[in-house]
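Below are the chains, spelled out letter by letter.
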Amino acid sequence: MKVSGCTVGLLLAAAVASAQDAPPPATQIAGAVLAAPDDRRAGARVLGWDAGGKIVTLREGTNDQVCVADNPKVEGFNVACYHKDLDAFMARGRELMAQGITDDKQRDATRWKEVDDKKLAIGKDASLTVMTGKSFDPATGQVADAYTRWVLYVPYATGASTGLATKPAPGVPWLMDPGTAGAHIMISPVRPK
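Every value quoted in this text rests on a predicted model; they were computed, and no experiment measured them. Residue numbers run consecutively from 1 along every chain, following the written order of its sequence. Residue-level local features of this predicted model are given only where pLDDT is at least 70; pairs of side-chain atoms are given and counted only at 80 or more, and the full residue set underlies all totals for whole chains, interfaces and linings. Side-chain measures here rest on the full set of heavy atoms in the structure, leaving out hydrogens and waters.

Draft legend 1. Layout of the sheet that holds strand β5 (residues 126-133). Here we have eight strands laid out as an open sheet, ordered β2-β1-β3-β4-β5-β8-β10-β9, and mixed in their pairing. In this open sheet, the two strands that pair with only one neighbour each are β2 (55-59) and β9 (174-176). Pairs of neighbouring strands in the sheet enclose a mean axial angle of 25°, with direction left out of account. For β9 and strand β10 (residues 184-187), the ladder comprises three bridges, and the chain directions are antiparallel. Within the sheet, the bridge partner assigned to Met176 lies in β10 and is His184. Contacts from helix α3 (residues 87-98) reach β1 (45-49), β2, β3 (65-68), β4 (77-83), β5 and β8 (147-153), with the element oriented near 135° to β4. Two strands qualify as a pair provided DSSP detects at least 2 bridges between them. Going along the chain from the N terminus, every DSSP run of H or I of four or more residues is numbered as a helix, and every run of E of two or more is numbered as a strand. For helices, the fitted axis covers only the stretch in contact; all axes are lines through C-alpha atoms, and the angles between them, taken along N-to-C directions, range from 0 to 180 degrees. Note on contacts: a residue pair is in contact if any heavy atoms of the two residues lie within 4.5 Å.

Structural data, given as structure tokens:
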């Protein structure tokens, strides 16, 4: 699964799409933090949706996690949490999307060049966790058909420097975008049948 095109693209699209019937902040926060490690959920900063469909900070954080709530305009459930060292990188992606740069490759290339030019920071060894599913029940805190995958950003890493494969295989960690500022290790468990 391609995180820069699929996952980050959804996160970025979520940032500029208009929300329809945004759930109350408490509901958005409860769903968003499910992607954070258990011991960091209570202190995570949470971004979500206001009544006008703009992404806003729903809760300030006290630890290293930034979580993005599910976009109510997009079908299904999709939340993500990332280390605060990735915040500038992710915010820049949302900014580029708002400017109309919707092509994942162009957006990635723009951000990677900015990292190369030392105009944009990206966290080294910073993680991103994505949880998807069919729906979220705020009453029970359960996600229907939940699936979680992890990404570890290792800028400029290569297959040779990590010993990882650079092509995906089911359930096996692999290095995506090797040698670039956006190089990252994908950990995508096999989906249950």
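So much for the structure itself; the text now carries on.
Draft legend 2. Broad picture of the packing of aromatic side chains. Each pair of aromatic rings taken from Phe, Tyr and Trp, with Trp reduced to its six-membered ring, is defined by centres within 6.5 Å and is described as stacked if the planes are under 30 degrees apart, edge-to-face if over 60, and tilted in the remaining cases. Tallied over the full model, the rule gives two aromatic pairs. Here the aromatic rings of Phe77 and Phe136 are separated by 5.4 Å at their centres, their planes lie at 25°, and the arrangement is stacked. With Phe77 in strand β4 and Phe136 in strand β6 (residues 135-137), this pair connects stretches of sequence that are 59 residues apart. The burial state of Phe77 is the same as that of Phe136; both residues are buried. The buried label applies to any residue whose accessible area, calculated with a 1.4 Å probe on protein chains only, is under 20% of its type's maximum; exposed applies above 50%, and partly exposed to all values in between.

Draft legend 3. Expanded view of the confidence of the model for the chain. Scored between 0 and 100, pLDDT is the confidence that the predictor attaches to each residue. Summary statistics for the chain give a mean pLDDT of 90 and a share of 90% for residues scoring 70 or more. For residues 1-19, every residue scores under 50 in pLDDT, and the model assigns this stretch 64 contacts once sequence neighbours within four places are set aside.

Draft legend 4. Quick look at the state of the cysteines. Cysteine sulfur atoms are paired as a disulfide whenever they fall within 2.5 Å. Counted under the stated rule, the structure contains one disulfide. Sulfur-sulfur distance for the disulfide between Cys67 and Cys81 comes to 2.1 Å. A torsion of 110° about the S-S bond marks the disulfide between Cys67 and Cys81 as right-handed. Of this pair, Cys67 sits in strand β3 while Cys81 sits in strand β4, and the two are 14 residues apart along the sequence. Of the two residues examined, Cys67 and Cys81, each falls in the buried class.

Draft legend 5. Expanded view of the side chain of His184. Structurally, His184 can be placed in strand β10. Judged by relative accessible area, His184 falls into the buried class, the value being 1%.

Draft legend 6. Seen up close, the packing of α3 against helix α4 (residues 104-116). Contact pair α3 / α4: the axes reach a minimum separation of 10 Å and the direction vectors enclose 135°. By the angle class used here, α3 and α4 are oblique. Here α3 runs over α4; the crossing is right-handed. For the pair α3 and α4, the contacting residues are Phe89, Met90, Arg92, Gly93, Leu96 and Met97 in the first and Arg107, Thr110, Arg111, Trp112, Glu114 and Val115 in the second. Lys, Arg, Asp and Glu make up the charged group, whereas Ala, Val, Leu, Ile, Met, Phe, Trp, Tyr, Cys and Pro make up the nonpolar group; the residues left over, Gly among them, are polar. A class-by-class count of the residues in the contact of α3 with α4 yields six nonpolar, two polar and four charged. Here roughly perpendicular refers to angles of 65 to 115 degrees, roughly parallel to angles under 35, roughly antiparallel to angles over 145, and oblique to all remaining angles. Throughout, a crossing is termed right-handed when the near helix is turned clockwise from the far one, and left-handed when it is turned anticlockwise from it by less than a right angle.

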